[in-house]
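Here are the chains, one letter per residue:
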Amino acid sequence: MNDAPEELCDRAKAGDRAAASELLVLFHKRVFAFFRRLCRNHEDAEDLTQKTFSKAWASLPSYNGRSSFSTWIHGIGYHVYVDWRRKKNPVEGKADEWWETCVGEGPSPFEDAAERELASQVYALVEQLEQGSREVVHLHYYQGLSIQETADVLNIATSTVKYRLRGALGDLRSKSAEPKLRAS
Amino acid sequence: MNDEKLEEILRKSPRVIVPPGVLDHLQSQICLPSAAPSRADSFDARPWLRRWLPALSFAAFFVTCLVAIGIQVSILSELKRQNEALRISTQGISPLRAANEEYKRLQAQGQELERLRKDYSDLKRLRAEVGQLRGQLPEVEKLRADNQRLTTEIAARSGKSDPGEKPNDDFFAEAQAKAERIQCVNNLKQIGLAGRIWAGDNNDRFPLDFLSMTNELNTPVILKCPADKARSVTNWAEVAAGNVSYQMDAPGSSEAENPDTVFVECPIHHNLLLIDGSVQQTSLEFLSTHLKVVNGRKVLVR
């Protein structure tokens, strides 16, 4: 269980099912969370997670270790998400109550109710960002990928990632300054 | 809210709880590909056509090249053979060429012979005519004697015997003299026309000499009177040398002058070209009474 993902990957390539199972244990939560935040429902997130890992197992021989396994699996997941979005064409900017319930449940990283409320509204504003900026925010801030890893997943330049992040933060800042947020 | 606060909130995004059973479901669906084959195995695993495609392509190209070279060699050998055949055939062409030359020479000789035959027949015909005319010669002599006798008789009967006057025994000579006089008048008319054209381009003044009218006169031949047997004018060089029958009496005269001023005259026939362009046929006796000199110009007084 202490093996690095790349070693597990090598073993899985050789047909080791246990190694593949360990990889699942390591990454299924992050992949599921990625889809859950993007798709906004459990069913689609489960479905896309399943598809992502199916493709990963099929493409395992082509994984050459040039990027980390995390980046690689996020890349596959991103393409799966793009295909899903193209077919399903979900309505953009739809309000997601899950963020509010999520933030309100369990042990919260936020100290008081006011801060929790503010965070809830920021998360809702993220979902209203443009597609490219929204995905960059998800990968970099929610999934915890570095700038370089985000760029690798989206197959864009790091400068583009930085540009989109700056734009996203600017949008969030300006929108959060609107009366509704200020009143909160 | 500043960017640091925003980033802090974003990084503290709520954790997503994976529903129970998802991991089990995913683990049950693990479907790993068979163990990665070696390079040699993967090469063998490819379809036959894909494995052999490069070699087959090269082989096809090579065979195409060979076929093209073969066709070209075949064409080349055929051309060589044709060239050799043509070379052999040209060896026999020189006798043919010589025979052709001989044929042409004989043909030319035949034409020459034909021409000579024709000339000979003409010669024979002319000889016959000469013989016939010689036979008529005594008769002509007799007729001439009769003519002279009759003329003498006519003169004796009319009582106008003039020993200084030559008997005009040749009608044709008289007719020829008349024709020459008319031709002389014609020449003077052409000279007059040329002079007036020249004057039209030179302030209405006639030329100073005949040589000035080389552009206006068609030919220098008209500057010779047909009765002037001592001269022969065929080109302008002879005109420049003064070899002209006619005499220019009023060189450089103006058209505004007396229209009866004599411009050119014929010393043989005494024909006068006046500056008005008219030609007057006169005689020596007429001129002695009607030709005056006014201001250095000969003027015809009518």
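Computed from a prediction, not measured in an experiment: that's the story for all the values here. (Residues numbered from 1 in each chain as written. Chains lettered and ligands numbered in written order. Predicted model: local features only at pLDDT ≥ 70, side-chain atom pairs only at ≥ 80, totals over all residues.)

1. Quick notes on the overall build of chain B
Moving on, step 1. When helices and strands are counted, chain B shows eight helices and six strands.
Moving on, step 2. Element order for chain B, N to C, with α for helix and β for strand: α-α-α-α-α-α-α-β-β-β-β-α-β-β.
Moving on, step 3. Going through the 302 residues of chain B one by one, you find that 16% of them count as buried.
Moving on, step 4. Restricting to contacts in chain B with at least 6 residues of sequence separation, those with at least 24 account for 42%. (Helix = DSSP H or I, 4+ residues; strand = E, 2+ residues; numbered from the N terminus. Buried ≥ 20, exposed ≤ 12 C-beta atoms within 10 Å, placed from the backbone. Contact = placed C-beta atoms within 7 Å.)

2. What about the overall build of chain A?
Moving on, step 1. The secondary structure content of chain A amounts to ten helices and zero strands.
Moving on, step 2. Secondary structure elements in chain A, listed N-terminal to C-terminal, are α-α-α-α-α-α-α-α-α-α.
Moving on, step 3. Look at the contacts in chain A between residues 6 or more apart in sequence, and 57% of them connect residues 24 or more apart.

3. Quick word on the confidence of the model for chain B
When pLDDT drops low, the exact placement of atoms in the prediction is not to be read closely.
Moving on, step 1. With 93% of its residues at a pLDDT of 70 or more, chain B shows a mean pLDDT of 87.
Moving on, step 2. Interface scoring of the predicted complex returns ipTM 0.81; its pTM is 0.45. (pLDDT = per-residue confidence, 0-100.)

4. Comments concerning the nonpolar core
Moving on, step 1. Within the largest apolar cluster, 51 residues are counted, with the highest numbers of intra-cluster contacts made by A12(A), L23(A), F35(A), I73(A), V122(A) and V137(A).
Moving on, step 2. Each of domain 1 (1-91) and domain 2 (93-184) of chain A contributes no fewer than three residues to this core.
Moving on, step 3. If sequence neighbours within four positions are ignored, F35(A) has contacts with D44(A), A45(A), L48(A), T49(A), G77(A) and Y81(A).
Moving on, step 4. Formed by 27 residues, the second largest nonpolar core is a distinct cluster that contains C225(B), V244(B), I275(B) and V299(B). (Core = buried A, V, L, I, M, F, W, Y, C linked by C-beta atoms within 7 Å. Domains from an automatic or database assignment.)

5. Notes on the interface of chain B and chain A
Moving on, step 1. Between chain B and chain A, the contact holds 25 residues from the first and 39 residues from the second.
Moving on, step 2. Among the elements that make up the side of chain B that touches chain A, the one with the highest residue count is helix α1 (residues 3-11) of chain B (six residues).
Moving on, step 3. Grouping the amino acids of the side of chain B that touches chain A by side-chain chemistry returns 17 nonpolar, four polar and four charged. (Nonpolar A, V, L, I, M, F, W, Y, C, P; charged D, E, K, R; others polar.)

6. Quick notes on the packing of helix α2 (residues 17-39) of chain A against helix α4 (residues 69-88) of chain A
All names here are of chain A.
Moving on, step 1. Remark: α2 packs on α4, axes separated minimally by 11 Å, with the N-to-C direction vectors making an angle of 30°. When the axis of α2 is compared with that of α4, the two are roughly parallel. In the packing of α2 onto α4, the handedness of the crossing is right-handed. Facing α2, whose interface residues are F27, V31, F34, F35 and L38, α4 presents S70, I73, H74, G77 and Y81.
Moving on, step 2. Split by residue class, the contact of α2 with α4 holds seven nonpolar, three polar and no charged. (Axes fitted to C-alpha atoms, helices over the stretch in contact; angles between N-to-C directions. Parallel < 35°, antiparallel > 145°, perpendicular 65-115°, else oblique. Left-handed = near helix turned anticlockwise from the far one by under 90°.)

7. Section: the packing of helix α1 (residues 5-13) of chain A against α2(A)
All names here are of chain A.
Moving on, step 1. It is the contact of α1 with α2, at a shortest axis distance of 8 Å, that shows an interaxial angle of 145°. Between α1 and α2 lies a crossing of left-handed hand. On the side of α1, the interface is formed by P5, L8, C9, R11 and A12, while α2 contributes A19, A20, E22, L23 and L26.
Moving on, step 2. Looking at the contact of α1 with α2 residue by residue, the classes come out as eight nonpolar, no polar and two charged.

8. Observations regarding the sheet that holds strand β1 (residues 247-248) of chain B
Residue and element names in this part refer to chain B.
Moving on, step 1. Across the sheet, which stays open at both edges, the four strands sit in the order β1-β2-β3-β4 with antiparallel pairing between neighbours. The open sheet has two free edges, formed respectively by β1 and β4 (279-281), since each of these has just one partner strand.
Moving on, step 2. Against the sheet, helix α6 (residues 171-201) engages β2 (262-265), β3 (271-274) and β4, with an angle of about 15° to β3. (Pairing = 2+ DSSP bridges.)

9. Structural notes on helix α9 (residues 158-176) of chain A
Moving on, step 1. For α9(A), which comprises 19 residues, the first-to-last C-alpha distance of 27 Å matches the rise-based estimate of 27 Å (1.5 Å per residue) to within 8%.
Moving on, step 2. Of all the positions in α9(A), only V161(A), R164(A), L165(A), A168(A) and L172(A) are classed as buried. For α9(A), the angular spread of buried residues about the axis comes to 105°, placing them on one side. Across α9(A) from its buried face, at more than 90 degrees, point the exposed residues S159(A), R166(A) and S174(A).
Moving on, step 3. On the buried face of α9(A), the contacting elements are α6 (113-126), α7 (131-142) and α8 (147-154) of chain A together with α1 of chain B. (Expected span 1.5 Å × (residues − 1). Arc of directions from axis to C-beta.)

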